[in-house]
Amino acid sequence: QVHLVESGGGSVQPGGSLRLSCAASGFSLDYFAIGWFRQAPGREREGVSCIRSSDGTIYYADSVKGRFTISRDNAKNTVYLQMNSLKPEDTAVYYCARGTGGLGPYEYDYWGQGIQVTVSS
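Keep in mind that this is a model prediction, so the values were computed, not measured. (Residues numbered from 1 in each chain as written. Predicted model: local features only at pLDDT ≥ 70, side-chain atom pairs only at ≥ 80, totals over all residues. Heavy atoms only, no water.)

Enquirer: Hey, could you go over the environment of Gly112 for me, with residue numbers and the actual values?
Expert: Following the sequence through the fold, Gly112 ends up in the loop between β10 (108-111) and β11 (115-119). In this structure the C-alpha to C-alpha distance between Gly112 and Glu6, which are 106 residues apart in sequence, comes to 6.4 Å. Setting aside its immediate chain neighbours within four residues, Gly112 contacts Leu4, Glu6, Tyr95 and Cys96. (Helix = DSSP H or I, 4+ residues; strand = E, 2+ residues; numbered from the N terminus. Contact = heavy atoms within 4.5 Å.)

Set out below in structure tokens:
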């Protein structure tokens, strides 16, 4: 049974930080990539970052590069997204997903339920 569960979301002021976690079960991070995506009201789902253990590949969307950091703990089967210098435009529901890698949602076959991140004054 493949499951992905996001946690660590919430509300923060601009310039603040949040750390999202994606707890994976039913498969190993050694063999699958994990991607982070987000979707704001009225906008399409956007690939934020992904990490692939097999070859060490990491991608970031231009909109978050330099502010967000993706990491993994394969022993815990957990992927993290450290989000710093948050901006109001980062407000969205954030999803983690299992796939082959890349920032396109078509690369992923299992998705978490999503978690809200709100950045406002």
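Enquirer: I'd like a description of the pairing of strand β9 (residues 92-99), backed by residues and values.
Expert: With seven of its eight residues buried, β9 lies for the most part within the structure. Relative to β9, strand β4 (residues 33-39) is paired through seven bridges, and the arrangement is antiparallel. Looking at β9, one finds that Trp36 is bridged to Cys96. Bridge count for β9 against β11 is three bridges, and the pairing is antiparallel. (Buried < 20%, exposed > 50% of the residue type's maximum accessible area, 1.4 Å probe, protein only. Pairing = 2+ DSSP bridges.)

Enquirer: Describe in detail the state of the cysteines, supporting the description with residues and values.
Expert: Under the counting rule described, the total for this entry stands at one disulfide. Two residues, Cys22 and Cys96, share a disulfide whose sulfurs are 2.1 Å apart. Between Cys22 and Cys96, the disulfide has an S-S torsion of 75° and is therefore right-handed. Taken together, the positions of Cys22 in strand β3 (residues 18-25) and Cys96 in strand β9 put the pair 74 residues apart, joining distant regions of the chain. For Cys96, a relative accessible area of 0% translates into the label buried. A disulfide-free cysteine, Cys50 has its sulfur positioned 13 Å from the sulfur of Cys22, the nearest such atom. On the basis of relative accessible area, Cys50 is assigned to the buried category, the value being 2%. (Disulfide = S-S within 2.5 Å.)

Enquirer: Mind laying out the nonpolar core, listing which residues take part and the relevant values?
Expert: Formed by 27 residues in total, the largest nonpolar core has its most connected members in Ile34, Trp36, Leu81, Met83 and Tyr94. Put simply, the parts of the chain that give this core at least two residues each are β3, β4, β5 (46-52), β7 (68-73), β8 (78-83), β9 and β11. Element by element, the count of residues in this core is highest for β3, at four residues. Excluding anything up to four places from it in sequence, Leu81 contacts Leu18, Arg19, Leu20, Trp36, Val48, Ser49, Phe68, Thr69, Ile70 and Tyr94. (Core = buried A, V, L, I, M, F, W, Y, C linked by side-chain atoms within 4.5 Å.)

Enquirer: Please set out the sheet that holds strand β1 (residues 3-7) residue by residue, giving values where relevant.
Expert: With respect to topology, four strands assemble into an open sheet ordered β1-β3-β8-β7, the strand pairing being antiparallel. Only two strands of the sheet have a single partner each, and these edge strands are β1 and β7. The average angle at which neighbouring strand axes cross in this sheet is 15°, direction not considered. (Axes fitted to C-alpha atoms, helices over the stretch in contact; angles between N-to-C directions.)

Enquirer: Outline the environment of Arg43, supporting the account with residue identities and numerical values.
Expert: Position of Arg43 relative to the elements: it lies in the loop between β4 and β5. In the structure, Arg43 is positioned 25 residues away from Leu18 in sequence and 22 Å away in space, judged by C-alpha atoms.

Enquirer: Would you mind going over unusual backbone geometry in detail, with residue names and values included?
Expert: Backbone phi values are negative for most residues with the exception of glycine, while trans is the configuration of most peptide bonds. The residue Asn77 is not glycine, and still its phi comes out positive at about 55°. Residue placement: Asn77 occurs in the loop between β7 and β8. In this structure, Ser85 takes a positive phi of about 50° despite not being glycine. With respect to the helices, strands and loops of the structure, Ser85 is situated in the loop between β8 and β9.

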